[in-house]
Amino acid sequence: MTRLPSSVHVREVGPRDGFQNEPERIPTADKIRLINALARAGLKRIEVASFVRPDVIPQLSDGVEVLHGIDVPDDVRLMVLIPNSRGLDNSLKVRDKFHEAAIFVSASETHNKKNVNRTVAETMADNDKMAARIKAEGLDCAAVVATSFGCPYEGKVDLDRVLGLAERFAEAGATEIGFGDTTGMANPAYVKEFFAAALERLPGVEVTAHFHNTRGQGLANAFAALEVGCSSFESSFGELGGCPVPPGSTGNIATEDLVSMFHEMGVETGLSLPGLIDAARAAQDTLGRKLTSHSIVAGPVNWN
Ligand code: ZN
């Protein structure tokens with residue numbers, strides 16, 4: 001029997017990856033209230049904003065207001081997503097409001113072009129410079145490789161290509177690399193092979209799994225990654241989320257479902273499952289539609 005990690009880190013990405021996919025504008029005050037609820041559930045890592053151009057993703061144009069408005073404990077590490085040097089300039093105007101900056105690239109040329117309208121080479125050249133600036137500011141630099149497990153336009157994405165990009169990020173100073181299954185194309189068998197290789201090739205780097213539940217395989221993929229020693233995960237309360245391209249590629253794995261699974265297997269997260277479910281239910285009320293998370297409906301497992 002495989003020995004599972006005894007504890008894992010979970011980063012909540014709903015306020016960025018989740019909210020950016022919501023068609024209706026969420027009032028800033030509601031975002032602040034929901035982020036505060038997530039922090040009260042014990043989350044120590046939350047991705048709260050993105051410094052994309054406001055005309056590209058209007059939903060996230062209030063990032064600065066959100067950063068100013070939230071009230072979370074001092075030990076919560078706040079992450080912002082940085083798409084380019086202009087975004088980094090803007091984020092550094094509120095440098096003291098967050099701790100981690102995430103830069104990204106898509107592993108496949110076509111997805112990268114559609115997502116940020118640049119080639120992978122152009123994106124990585126900018127990423128090298130941004131990583132240096134982020135480090136110089138004393139912030140943690142995280143990097144994300146999107147479409148790591150498959151591209152909706154190109155199909156298979158070569159493992160060596162993905163890990164090559166990750167190694168370049170590490171050389172540039174990223175201390176954490178997230179691998180995104182942006183449109184839910186991963187399967188558990190491949191995830192095992194992938195994370196075993198990633199953990200071996202990225203010593204000293206935190207390797208993070210970011211699965212979308214587009215085809216219902218998100219939790220199986222998380223378990224597969226856990227089994228080969230991955231201990232850092234990202235998820236989204238209420239199963240909110242998706243990706244702007246292609247349209248309709250919805251759903252991160254739900255934080256409350258992921259945490260329920262971990263706790264039932266004896267893997268510690270430090271999180272309050274009832275608190276997470278409360279936050280997801282509050283998101284459901286705020287958005288005014290049924291969310292797809294299972295734990296919202298079922299609640300925690302009751303063994304009595
Ligand atoms: Zn995502």
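Values in this document were obtained by computation on a predicted structure and should not be read as measured data. (Residues numbered from 1 in each chain as written. Predicted model: local features only at pLDDT ≥ 70, side-chain atom pairs only at ≥ 80, totals over all residues. Heavy atoms only, no water.)

Undergrad: Would you take a moment to explain the packing of helix H8 (residues 188–201) against helix H9 (residues 218–227) for this structure?
TA: A pair of packed helices is captured by two measures, namely the crossing angle of their axes and the spacing between those axes. Here H8 crosses H9 at 30°, and the two axes come no closer than 8 Å. Relative to H9, the crossing made by H8 is right-handed. Each of Pro188, Val191, Lys192 and Phe195 in H8 lies in contact with H9, whose residues at this interface are Ala220, Asn221, Ala224, Ala225 and Glu227. Taken together, the residues of the contact of H8 with H9 sort by class into six nonpolar, one polar and two charged. (Axes fitted to C-alpha atoms, helices over the stretch in contact; angles between N-to-C directions. Helix = DSSP H or I, 4+ residues; strand = E, 2+ residues; numbered from the N terminus. Left-handed = near helix turned anticlockwise from the far one by under 90°. Contact = heavy atoms within 4.5 Å. Nonpolar A, V, L, I, M, F, W, Y, C, P; charged D, E, K, R; others polar.)

Undergrad: So what exactly am I meant to see when it comes to the packing of helix H2 (residues 28–40) against helix H11 (residues 273–287) here?
TA: Where H2 meets H11, the axes come as close as 9 Å, and the angle between the chain directions of the two elements is 165°. Accordingly, the angle class assigned to the pair H2 and H11 is roughly antiparallel. Every pair of crossing elements has a handedness; the one defined by H2 and H11 is left-handed. Every residue of H11 that contacts H2 at Asp30, Arg33, Leu34, Ala37 and Leu38 is listed here: Ala279, Ala282, Ala283 and Thr286. (Parallel < 35°, antiparallel > 145°, perpendicular 65-115°, else oblique.)

Undergrad: Hey, could you run me through the packing of aromatic side chains in this one?
TA: According to the stated counting rule, one finds eleven aromatic pairs in the structure shown. Seen from their ring centres, Phe149 and Phe194 are 4.5 Å apart, and the 50° between their planes marks the pair as tilted. In this pair, Phe149 sits in the loop between strand E5 (140–146) and helix H7 (159–172) while Phe194 sits in helix H8, placing the two residues 45 residues apart along the sequence. We note that Phe149, like Phe194, is buried. An aromatic cluster of three or more residues is present, and its members are Phe149, Phe179, Tyr190, Phe194, Phe195 and Phe211. The positively charged end of Lys114 is found above the aromatic ring belonging to Tyr153, 4.9 Å away from the centroid. (Phe/Tyr/Trp six-rings, centres within 6.5 Å; stacked < 30°, edge-to-face > 60°. Buried < 20%, exposed > 50% of the residue type's maximum accessible area, 1.4 Å probe, protein only. Lys NZ or Arg CZ within 6 Å of the ring centre and 35° of its normal.)

Undergrad: Before we go on, may I ask you to explain the environment of Leu165 in this structure?
TA: With respect to the helices, strands and loops of the structure, Leu165 is situated in helix H7. Look at Leu165 and you get buried, because its relative accessible area is 11%. On a C-alpha basis, the gap between Leu165 and Val144 in space is 9.6 Å, while along the polypeptide they are 21 residues apart.

Undergrad: For this particular structure, what's the right way to read the coordination of the zinc ion?
TA: Metal coordination angles have textbook ideals: 109.5 degrees for a tetrahedral set of four donors and 90 or 180 degrees for an octahedral set of six. Bound to the zinc ion on the protein side are Asp17 (OD), His210 (NE2) and His212 (NE2), at distances that span 2.0 to 2.1 Å. Among the residues examined, His210 registers a relative accessible area of 8% and is labelled buried. (Donors = N, O, S within 2.8 Å, 3.2 Å for Na, K, Ca; no water.)

Undergrad: It is not clear to me how the pattern of salt bridges should be interpreted in this structure. Could you clarify?
TA: Close approach of charged atoms allows side chains with opposite charge to pair. Evaluation of the coordinates by the stated rule reveals 21 salt bridges. Between Arg133 and Asp89 there is a salt bridge whose closest N-O contact spans 2.8 Å. Taken as a pair, Arg133 in helix H6 (residues 120–136) and Asp89 in helix H4 (residues 85–92) lie far apart in primary sequence, 44 residues in all. Here Arg133 falls in the partly exposed class, since its relative accessible area comes to 32%. With its nearest N and O atoms 3.9 Å apart, the salt bridge here joins Arg95 to Glu137. One end of the pair, Arg95, is in the loop between H4 and strand E4 (100–106); the other, Glu137, is in the loop between H6 and E5, and 42 residues separate them in sequence. One network of salt bridges, with partners in common, ties together Arg11, Arg77, Glu100, Asp140, Glu176 and Glu234. (Salt bridge = Lys/Arg side-chain N within 4 Å of Asp/Glu carboxyl O.)

Undergrad: Which parts of the structure should I look at to understand H4?
TA: One turn of the α-helix equals 3.6 residues, which is why residues spaced by three or four share an orientation. Every buried residue of H4 is accounted for by Gly87, Leu88, Ser91 and Leu92. Seen from one end, H4 has its buried residues packed into an arc of 130°, which puts them on one side. Of the surrounding secondary structure, the elements contacted by the buried residues of H4 are H6. (Arc of directions from axis to C-beta.)

Undergrad: Mind showing me how you'd approach the environment of Gly14 here?
TA: Secondary-structure assignment places Gly14 in helix H1 (residues 14–18). In sequence terms Gly14 and Thr255 are 241 residues apart; their C-alpha atoms lie 8.8 Å from each other. Ignoring sequence-local partners within four residues, the contact set of Gly14 consists of Phe19, Ser235, Ser236 and Phe237.

Undergrad: Could you clarify how one ought to interpret the nonpolar core in this entry?
TA: In globular proteins that are soluble, nonpolar side chains generally tend to be buried together. Residues Phe179, Phe194, Phe195, Phe211 and Phe233 are the most contacted members of the largest nonpolar core, which totals 90 residues. With near-sequence residues (within four places) excluded, Phe195 lies in contact with Phe149, Phe179, Val207, Thr208, Ala209, Phe211, Ala225, Val228 and Cys230. Counting five residues, the second-largest nonpolar core is a separate cluster that includes Met79, Leu81, Phe104 and Ala142. (Core = buried A, V, L, I, M, F, W, Y, C linked by side-chain atoms within 4.5 Å.)

Undergrad: What should I look at first to understand H2 in this one?
TA: For H2, spanning 13 residues, the distance from its first C-alpha to its last is 18 Å, which sits close to the expected 18 Å at 1.5 Å a residue. Listing the buried residues of H2 in full gives Asp30, Lys31, Ile32, Leu34, Ile35, Asn36, Ala37, Leu38 and Ala39. Of the residues flanking the end of H2, it is Gly42, one or two places downstream, whose phi is positive at about 105°. (Expected span 1.5 Å × (residues − 1).)

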